[in-house]
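Spelled out, the chains give:
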6 protein chains.
Amino acid sequence: MQVYAIFVMEKKKKTPQDSAVVMTEIVLPNDTNTLNNLMGGKLMHWLDIAAAISAQRHSNRIVVTASVDNISFAEPIALGDVITIKAQVTRAFNSSMEVYLEVSAENIPAGKQKKTNRAFFTFVAVDQLGNPISVPEITPETAEEQELYAGALRRRQLRLLLAKRIKPDEAPELKSLFFDEK
Amino acid sequence: MQVYAIFVMEKKKKTPQDSAVVMTEIVLPNDTNTLNNLMGGKLMHWLDIAAAISAQRHSNRIVVTASVDNISFAEPIALGDVITIKAQVTRAFNSSMEVYLEVSAENIPAGKQKKTNRAFFTFVAVDQLGNPISVPEITPETAEEQELYAGALRRRQLRLLLAKRIKPDEAPELKSLFFDEK
Amino acid sequence: MQVYAIFVMEKKKKTPQDSAVVMTEIVLPNDTNTLNNLMGGKLMHWLDIAAAISAQRHSNRIVVTASVDNISFAEPIALGDVITIKAQVTRAFNSSMEVYLEVSAENIPAGKQKKTNRAFFTFVAVDQLGNPISVPEITPETAEEQELYAGALRRRQLRLLLAKRIKPDEAPELKSLFFDEK
Amino acid sequence: MQVYAIFVMEKKKKTPQDSAVVMTEIVLPNDTNTLNNLMGGKLMHWLDIAAAISAQRHSNRIVVTASVDNISFAEPIALGDVITIKAQVTRAFNSSMEVYLEVSAENIPAGKQKKTNRAFFTFVAVDQLGNPISVPEITPETAEEQELYAGALRRRQLRLLLAKRIKPDEAPELKSLFFDEK
Amino acid sequence: MQVYAIFVMEKKKKTPQDSAVVMTEIVLPNDTNTLNNLMGGKLMHWLDIAAAISAQRHSNRIVVTASVDNISFAEPIALGDVITIKAQVTRAFNSSMEVYLEVSAENIPAGKQKKTNRAFFTFVAVDQLGNPISVPEITPETAEEQELYAGALRRRQLRLLLAKRIKPDEAPELKSLFFDEK
Amino acid sequence: MQVYAIFVMEKKKKTPQDSAVVMTEIVLPNDTNTLNNLMGGKLMHWLDIAAAISAQRHSNRIVVTASVDNISFAEPIALGDVITIKAQVTRAFNSSMEVYLEVSAENIPAGKQKKTNRAFFTFVAVDQLGNPISVPEITPETAEEQELYAGALRRRQLRLLLAKRIKPDEAPELKSLFFDEK
């Protein structure tokens, strides 16, 4: 007897906030390496789940991971730390969505907190057979959301270029990313 | 080389919002029973972790689970559903803290959401040797927080009475809970 | 080629011993908190599984967790300890069953054993569609079983009262639990 | 504050029943192969834990797995089945102990039960540095325990012969096992 | 949209190398006992998976574990060690296959490696209903493969004898194993 | 009593083959999403472990994940598929190493195999305190290894540029990657 309330009105435009996800985890022994720090692969596993839920919230569809952008792991995260992952969709392209994630780690008894990672995952919405299906557009609202929305085009060109699916002269925004910035 | 920013000023009073935790999980195959619904025990495992983080946030201490109040599981939660757990401390008593949790489940592709559970966990703050240590008081702000704060006293009396650590005439607020309400 | 022996005669009355379950687990690193003690949530996860098997044994049905009574965690359980959980049904009510559980922990190389927890879980027997279905009555045999059987009525009234499904004057046995005992 | 009761009197002789362990598990999705049957390796993992607890109970020592005798998997065990593992020590040799295990599987809602496996594990008791340390002798009581005790010598000779640590003429009991039985 | 290349030509004879599997794992905290060494049961779990993949490669069928020969655990394997498991089929008998496994453990930062275990698992190829189905023959190539192929017959007789499915005089090769070798 | 053979001669130059790792896994139910396909995050978790072992083999040091390059997930991998991950170091830079990984997936009973992913992970060798420490140089041998070695410089510039740690005019090889290739 599954009693759910219907909560989705059909609307074609959604905001990044509509897809916001907060995920909290504790770093347990099996998540750590010899130095008792969180393994990068375990963090990516959590990021993928948080990003998938965010892309689901935007599209109200089954979603599959299409790609992950370069992630760096500059800060070690220790056993027992509390990890907070914040995810939201930045922009939609036909059937694909870019999700932005921010990770922070806290040693709460020590009163210490630090931002540790930023990541961009891309998901594709699919139907029950796994075929791509279109998703709603997104309307960024805050200044940060607008900047993420604008940058999504350049990041997409970089992904396509790295996958050799477009040529450099098809990526004018990307070129400016690398060679026109101060 | 662990570089954390110090973020805690010593303050004696905190608000429930200071201890707010949002945890998001997906129900995976190993979390489910023969009917493909989430097992109650797995949900309690997640609740315990979310509540522990909330109690850590309030006390900035190591915390251990002291007790769990009666929880009921009226709504089945299905494989693939997204679980959102919201936790915050309602009230502090010397070294113990009561944490209130609300659980909701979503089948996002189907556009369905439902509230599934409410729970109260009690944690004790301890030092490195496991001995109890005092925690800050709390100042409820919203109407809901004030109601949870007021009710915490009655729920504590019920816990102590069930544990046979007090006698009925030491629990006047509890008595009114059961026998004076309309 | 699944070759099972049929072992159940249709009988309407069963004893608590018919539903007895013994479960043994070792506390592993991922089950523990910062103090290397078993997390309360992991113990509840094991209790739920042991109780579900006990309720299955009584009813020969698929069962789902309906509720858990207040549990307290007065004794820490250490990494490497052996946990023994004993479960059996105390009483049946239409489609629901109350299961009583006792937990003990041993540090076997140190020759130490302690009783750590008592708990009551309630399960509902359901058919393949998840609809409640009636279960056999139970006949307590030992003095302890008879006491658990008698107390089950009061505990049930407390559950219904806490869930606001009955009013205090519908719970006469419960009232005596709180206010007439020496 | 770990409060354990001391329960071990120093005694040189123990019975098999002193080391009895009952372990109960449910077969979950991740334990199964493509046919939705329990993987043999997962069952051996559970057997090793049950046998280790039994050898701990006999020796009150840390124990390590020394060897496993031939195990056959003639009966498939299905997803959702309840597994019961019974273990007890059959005989002790200096620092090693042979543990006998019996496995049964139940589909409880279907009222079906079957014996699925028998196994012999050998454990060595060790001190904190991992060096072997002597264990108490055992006194079998029931007819079945006496038969297991007697057979332990032959099984030990087979193990040593297979490990090329003894020669056939050092294994007279084993020879009779193979070549003198009717 | 699952796009696989077909890579199997129907051939009746295969080599042991066709079924070769290399599996690499790191020993994590939850895999270890009180001495921080790998539990024997966890290693057997990994061996079963590696052997199953090897038997799948030989037969291109679903396979189920039929039996495991005596395994000894003479060498402790420590937390953080890298485990390498090499598996390949030694010989096929109608629907069953014997798989030989070698395990080595490395403490790579310390520059240390050791061989820790040898094991023989037997698998049966089955159809979708779980019924046995014939598998290709195997042609050993190297000297070691030929020796393993020859020994497979004796090991099979020992398995059948231990399972009381044949009598000693039906196992002439086995008799020579025990009583005619120098 | 840990008896390892010492196997490392101090040598300053190593080959990519010295760091080769093969890892084999089966996709189990808990690794999959609603479509019964492997979740991207789980695959990245396995890649991180395989790459860490490879970087350990090259450096004989503890290693930590520094970054992951863009990964795309064009091919779904199904429940029950066998995953093979091949990893080896392409080039070393002071204390960091780039590891190249190739993933293939097989449905063995169906006789189907496909290449599914390529990835580049970067690891840093550290001492027991987590401080970077220099690693041996590498000498590529095959044509493919030489191409991976040459490309490592451009990929490193892209990583540093994306991390805003260098400016475009410090990345001449990268510029040619994007804008001078045919």
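The shown structure was predicted, so the numbers you read here are calculated from the model rather than taken from an experiment.

1. A few points about the overall build of chain A
Link 1 in the chain: Scanning chain A from terminus to terminus reveals 3 helices and 9 strands.
Link 2 in the chain: Pairs at least 24 residues apart make up 68% of the contacts formed inside chain A by residues separated by at least 6 positions.
Link 3 in the chain: Counting every atom, chain A has about 8100 Å² of accessible surface; 51% of that belongs to carbon and sulfur.

2. Concerning the packing of helix α1 (residues 40-59) of chain A against helix α1 (residues 40-59) of chain F
In a pair of packed helices, the angle between the axes and the distance between the axes together describe the arrangement.
Link 1 in the chain: It is the contact of α1 of chain A with α1 of chain F, at a shortest axis distance of 8 Å, that shows an interaxial angle of 175°. Considering their axes alone, α1 of chain A and α1 of chain F lie roughly antiparallel with respect to each other. From α1 of chain A, Gly40, Gly41, Lys42, Met44, His45 and Asp48 of chain A reach across to α1 of chain F, where they touch Gly40, Gly41, Lys42, Met44, His45 and Asp48 of chain F.

3. Considerations on the pattern of salt bridges
Residues and elements named next belong to chain A.
Link 1 in the chain: Per the counting criterion, the structure on display carries 36 salt bridges over all chains.
Link 2 in the chain: As a salt-bridge pair, Glu75 and Lys114 come within 3.8 Å of each other at their nearest N and O atoms. Placement of Glu75 in the loop between β5 (71-72) and β6 (82-93) and of Lys114 in strand β8 (residues 112-126) is noted, with a sequence separation of 39 residues between them.
Link 3 in the chain: Put simply, Asp69, Glu98, Arg155 and Arg159 are held in one network by salt bridges that share partners.

4. Points about α1 of chain A
All names here are of chain A.
Link 1 in the chain: The terminal C-alpha atoms of α1, which comprises 20 residues, lie 28 Å apart, in line with the 28 Å expected from a rise of 1.5 Å per residue.
Link 2 in the chain: Across the 20 residues of α1, 20 count as buried, placing the element largely inside the fold.
Link 3 in the chain: Trailing α1 by a residue or two, Asn60 shows a phi angle of about 50°, which is positive.

5. Looking at the environment of Gly151 of chain C
All names here are of chain C.
Link 1 in the chain: Within the fold, Gly151 resides in helix α2 (residues 143-162).
Link 2 in the chain: Judged by its relative accessible area of 3%, Gly151 is buried.
Link 3 in the chain: Between the C-alpha atoms of Gly151 and Thr90, which are 61 residues apart in sequence, the distance is 9.0 Å.

6. A closer look at the side chain of Glu145 of chain D
Link 1 in the chain: With respect to the helices and strands, the residue Glu145 of chain D is situated in helix α2 (residues 143-162).
Link 2 in the chain: Apart from residues lying up to four places away in sequence, Glu145 of chain D is in contact with Pro16, Gln17, Gln88 and Pro140 of chain D.

7. Some words on a positive patch on the surface
Link 1 in the chain: A cluster of basic residues, Lys86, Lys115 and Arg118 of chain D together with Lys164 of chain E, forms a positive patch on the protein surface.
Link 2 in the chain: One can find Lys86 of chain D in strand β6 (residues 82-93).

8. What about the pairing of strand β3 (residues 21-26) of chain A?
Residues and elements named next belong to chain A.
Link 1 in the chain: Counted residue by residue, β3 has 5 buried out of 6 residues, so it is predominantly covered.
Link 2 in the chain: Sheet topology places β3 next to β6; 6 bridges connect them, and they run antiparallel. Directly across from Val21, in β6, lies its bridge partner Ala87.

9. Focus: the pairing of β6 of chain A
Successive side chains on a regular strand alternate, one facing one side of the sheet and the next facing the other.
Residue and element names in this part refer to chain A.
Link 1 in the chain: Burial of β6 is extensive: 11 of the 12 residues sit out of reach of the surface.
Link 2 in the chain: The sheet contact formed by β6 and strand β7 (residues 96-107) spans 11 bridges and is antiparallel. Looking at the pairing, Val89 lines up with Val99 of β7.
Link 3 in the chain: Where β6 hands over to β7, the hairpin turn is made up of 2 residues, of which Asn94 adopts a positive phi near 55°.

10. As for the environment of Ala152 of chain A
All names here are of chain A.
Link 1 in the chain: If you trace the backbone, Ala152 turns up in helix α2 (residues 143-162).
Link 2 in the chain: On the accessibility criterion, Ala152 (0% relative accessible area) is buried.
Link 3 in the chain: Filtering out sequence-adjacent residues up to four positions away, Ala152 remains in contact with Thr90, Arg91, Phe93 and Glu98.

11. So, the side chain of Asp31 of chain A
Link 1 in the chain: Structurally, Asp31 of chain A is set in the loop between β3 and α1.
Link 2 in the chain: Once you skip the residues sitting within four places of it in the chain, Asp31 of chain A turns out to touch Ile26, Asn37, Leu38, Met39, Lys42 and Trp46 of chain A.

12. Quick look at the packing of aromatic side chains
To describe a pair of aromatic rings, you give the distance between the ring centres and the angle between the ring planes.
Link 1 in the chain: Across all of its chains, the model carries 12 aromatic pairs over all chains by this definition.
Link 2 in the chain: With a centroid separation of 5.1 Å and an interplanar angle of 40°, the aromatic rings of Tyr100 of chain A and Phe120 of chain A are classed as tilted. In this pair, Tyr100 of chain A sits in strand β7 while Phe120 of chain A sits in strand β8, placing the two residues 20 residues apart along the sequence.
Link 3 in the chain: Residue Phe120 of chain A is classed as buried on the basis of its relative accessible area, which comes to 9%.
Link 4 in the chain: A centroid spacing of 6.4 Å and a plane angle of 20° characterise the contact between Phe121 of chain B and Phe123 of chain B, whose relative ring orientation is stacked.
Link 5 in the chain: The class of Phe123 of chain B is buried, set by a relative accessible area of 1%.

13. Here's the deal with the confidence of the model for chain A
Residues and elements named next belong to chain A.
Link 1 in the chain: Considering every residue of chain A, the mean pLDDT works out to 90; 90% of them sit at 70 or more.
Link 2 in the chain: Below pLDDT 50 for its whole length, residues 5-11 participates in 13 contacts with residues either more than four positions away or in separate chains.
Link 3 in the chain: Both scores are available for the predicted complex, with the pTM at 0.92 and the ipTM at 0.90.

14. Things to note about unusual backbone geometry
Link 1 in the chain: A positive phi angle is found at Asn60 of chain D, which is not glycine, with a value near 50°.
Link 2 in the chain: Considering the arrangement of structural elements, one finds Asn60 of chain D in the loop between α1 (40-59) and β4 (62-68).
Link 3 in the chain: By relative accessible area, which is 14% here, Asn60 of chain D ends up buried.
Link 4 in the chain: We note that Lys164 of chain E has phi near 55°; this positive angle belongs to a residue other than glycine.
Link 5 in the chain: In this fold, Lys164 of chain E is placed in the loop between α2 (143-162) and α3 (172-179).

15. Considering the environment of Thr24 of chain A
Link 1 in the chain: Examined against the element boundaries, Thr24 of chain A turns out to sit in strand β3.
Link 2 in the chain: What makes Thr24 of chain A buried here is its relative accessible area of 1%.
Link 3 in the chain: In this structure the C-alpha to C-alpha distance between Thr24 of chain A and Ile83 of chain A, which are 59 residues apart in sequence, comes to 5.6 Å.
Link 4 in the chain: Within the structure, Thr24 of chain A has its side chain in polar contact with the backbone oxygen of Val22 of chain B (distance 2.5 Å).

Basis of the calculations
Residues numbered from 1 in each chain as written. Chains lettered and ligands numbered in written order. Predicted model: local features only at pLDDT ≥ 70, side-chain atom pairs only at ≥ 80, totals over all residues. Heavy atoms only, no water. Helix = DSSP H or I, 4+ residues; strand = E, 2+ residues; numbered from the N terminus. Contact = heavy atoms within 4.5 Å. Areas by Shrake-Rupley, 256 points an atom, 1.4 Å probe, with all protein chains shown as cover. Axes fitted to C-alpha atoms, helices over the stretch in contact; angles between N-to-C directions. Parallel < 35°, antiparallel > 145°, perpendicular 65-115°, else oblique. Salt bridge = Lys/Arg side-chain N within 4 Å of Asp/Glu carboxyl O. Expected span 1.5 Å × (residues − 1). Buried < 20%, exposed > 50% of the residue type's maximum accessible area, 1.4 Å probe, protein only. Patch = residues over 30% accessible without salt bridge, like charges linked within 9 Å, V, L, I, M, F, W, Y side chains within 5 Å. Lys, Arg positive; Asp, Glu negative; His and termini not counted. Charge placed at Lys NZ, Arg CZ, Asp CG, Glu CD. Pairing = 2+ DSSP bridges. Phe/Tyr/Trp six-rings, centres within 6.5 Å; stacked < 30°, edge-to-face > 60°. pLDDT = per-residue confidence, 0-100. Polar contact = N/O pair within 3.5 Å; in protein donor to acceptor, adjacent residues only side chain to side chain.

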